[in-house]
Amino acid sequence: MTDSSADASMQFKNRTREGWNKAAAGWDQQTPQIHQWLLDITEAMMDASGIKEGAQVLDVAAGAGDQTLMLARRVGAQGHVLATDLSADILQLALRNAQQAGLPQVEVQVADAEQLEFPAGSFDAAVSRLGVMFCPHPLLALQGMHRVLKPGGKAAVVVFSEPRANPAMGILMSTAVKHAGLPPRDPYQPGGLMSLGKPGLLASLFAEAGFKDVRVQKIPAPFRLPTTQDYMEFAQTAASPIMQLVSTLDPQTQQKAWVDMAAQLEVFQTPDGWEGPNELLLASGTH
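As the structure is a prediction and not an experimental result, all values here were calculated from the model. (Residues numbered from 1 in each chain as written. Predicted model: local features only at pLDDT ≥ 70, side-chain atom pairs only at ≥ 80, totals over all residues. Heavy atoms only, no water.)

K.L.:
Give a detailed account of the sheet that holds strand β2 (residues 80-85), specifying residues and quantitative values.
P.N.:
Strand order across the open sheet formed by seven strands is β3-β2-β1-β4-β5-β10-β6, with mixed pairing between neighbours. One side of each edge strand has no neighbouring strand; the edge strands of this open sheet are β3 (106-110) and β6 (212-220). Pairwise comparison of adjacent strand axes, ignoring direction, gives a mean angle of 15 degrees for this sheet. Inspection of the sheet shows β6 paired to strand β10 (residues 279-286) by seven bridges, in the antiparallel sense. Bridging from a neighbouring strand, K218 pairs with L281 of β10. Sheet strands in contact with helix α4 (residues 88-100) are β2 and β3, and its direction is about 175 degrees off that of β3. (Pairing = 2+ DSSP bridges. Helix = DSSP H or I, 4+ residues; strand = E, 2+ residues; numbered from the N terminus. Axes fitted to C-alpha atoms, helices over the stretch in contact; angles between N-to-C directions. Contact = heavy atoms within 4.5 Å.)

K.L.:
Could you give an account of the packing of helix α8 (residues 228-237) against helix α10 (residues 251-265), with specific residues and numbers?
P.N.:
The contact between α8 and α10 brings their axes to 10 Å, and the two run at 140 degrees. Put simply, α8 runs oblique to α10. In this structure, the crossing between α8 and α10 has a hand that is right-handed. Residues T228, Y231, M232, A235 and Q236 of α8 form the contact with α10, whose participating residues are W258, M261, A262 and L265. Residues that form the contact of α8 with α10 fall into these classes: seven nonpolar, two polar and no charged. (Parallel < 35°, antiparallel > 145°, perpendicular 65-115°, else oblique. Left-handed = near helix turned anticlockwise from the far one by under 90°. Nonpolar A, V, L, I, M, F, W, Y, C, P; charged D, E, K, R; others polar.)

K.L.:
Explain the nonpolar core residue by residue, including any values.
P.N.:
Core analysis: the biggest nonpolar cluster contains 100 residues, and Y231, I242, M261 and L265 have the highest contact counts within it. Among residues more than four places away in sequence, those in contact with L265 are A168, I171, L172, T228, Y231, M232 and W274. (Core = buried A, V, L, I, M, F, W, Y, C linked by side-chain atoms within 4.5 Å. Buried < 20%, exposed > 50% of the residue type's maximum accessible area, 1.4 Å probe, protein only.)

K.L.:
Go over helix α7 (residues 201-208) with me, naming the residues and quoting the values.
P.N.:
What sets the pattern is the α-helix's 3.6 residues per turn: residues three or four places apart point alike. Within the sequence span of α7, burial applies to L202, L205 and F206. Down the axis of α7, the buried side of the element spans an arc of 100 degrees, and every buried residue falls inside it. Residues of α7 that are buried make contact with α5 (138-148), β5 (149-160), β6 and β10. Phi for G210, located one or two positions after α7, is positive at around 110 degrees. (Arc of directions from axis to C-beta.)

K.L.:
Go over the pattern of salt bridges with me, naming the residues and quoting the values.
P.N.:
Here the structure, examined in full by the defined rule, presents 12 salt bridges. Among the ionic pairs, D28 bridges to R96, the shortest N-O distance being 2.6 Å. Taken together, the residues D28 in helix α1 (residues 3-29) and R96 in helix α4 connect sequence positions 68 residues apart. When its relative accessible area of 13% is taken as the criterion, D28 is described as buried. Look at R96 and you get partly exposed, because its relative accessible area is 32%. Where K178 meets D260, a salt bridge forms, and the shortest distance between an N and an O atom there is 2.8 Å. Remark: D260 occurs in helix α10 and K178 occurs in helix α6 (residues 167-179); sequence separation between them is 82 residues. By relative accessible area, which is 52% here, K178 ends up exposed. One continuous salt-bridge network, built from bridges that share partners, spans K13, D112 and E114. (Salt bridge = Lys/Arg side-chain N within 4 Å of Asp/Glu carboxyl O.)

K.L.:
Give me the packing of aromatic side chains: which residues, what numbers.
P.N.:
Applying the stated criterion across every chain, the model contains 11 aromatic pairs. Seen from their ring centres, F223 and Y231 are 5.7 Å apart, and the 85 degrees between their planes marks the pair as edge-to-face. Here F223 falls in the buried class, since its relative accessible area comes to 1%. Members of the aromatic cluster, joined through ring pairs, are W27, W37, F160, F223, Y231, F234, F268 and W274. (Phe/Tyr/Trp six-rings, centres within 6.5 Å; stacked < 30°, edge-to-face > 60°.)

K.L.:
Just give me the short version of the packing of helix α2 (residues 31-48) against helix α3 (residues 66-75), but keep the residues and values in it.
P.N.:
At a closest axis distance of 9 Å, the pairing of α2 and α3 adopts a crossing angle of 45 degrees. Judged by the inter-axis angle, α2 sits oblique to α3. As α2 runs across α3, the sense of the crossing is right-handed. In this structure, α2 uses T31, H35, L39, T42, E43, M45, M46 and D47 to contact α3, whose residues at the interface are D66, Q67, M70, L71 and R74.

K.L.:
Can you break down the sheet that holds strand β9 (residues 273-276) residue by residue, with the values?
P.N.:
In a beta sheet, neighbouring strands are held together by backbone hydrogen bonds and run either parallel or antiparallel to one another. Pairing is antiparallel across the open sheet formed by three strands, whose spatial order is β7-β9-β8. At either end of the open sheet lies a strand with only one pairing partner, and these are β7 (223-225) and β8 (269-270). Across two bridges, β8 lies against β9 in antiparallel orientation. Following the sheet pairing, Q269 is matched in β9 by W274.

Structure follows, in structure tokens:
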């Protein structure tokens, strides 16, 4: 990595850290909705990574720890889950949530997903739910996950698939970009919401990182809420990449952007509630 690219990567991570520090409380408050949204794929992620009672598990980019608690319950009192994240603020919420749930087998540690400086062969499994896609160099994260696994250990990650399968997320991002006066973004640019959704990319990165028996599955994961406004509340309080863009605007333009998003997202309102289509990728591989 050249000095200029290293500087750019560091600046990107600093912005990401600051963004998630600001979004931490909102993401935590939205945990019940997020839990329901991602429940099935989180169970599938744990199955794909072979997590059993007594396992030592690394949770990369853990956020406020919804999936961390699920991991801890699966490994039981004899197991251990180390939750890592770039944001210290959001990790403190993960630790608090684990303590309140009576799960002392959870530990947290601030760590860059691209620099997992743990001893080689330390974990039975490594997972990341909606985290690795925010890495500017996701191969480094996957190589780190591979390195810290025991022989035969498994890794599994969940990321967004391609833009056409995630139209609600696309509306949020494209509208924020438009109101910021920026040119349209490449949806696959590194570090973005759908950066790993490009067909074939995730499987290729897993293989390059050294994993065997690589498998990638597309899994529908619609986000169901009572109304469009409920989704807008999620976007305004917990969706850090969108919040970061909108926060650069003056208050009047911010309001126009949110109103524009809500109007477009109304297309997903049905008589039975709001349902935003989402498609996720579940990728797994063995050390």
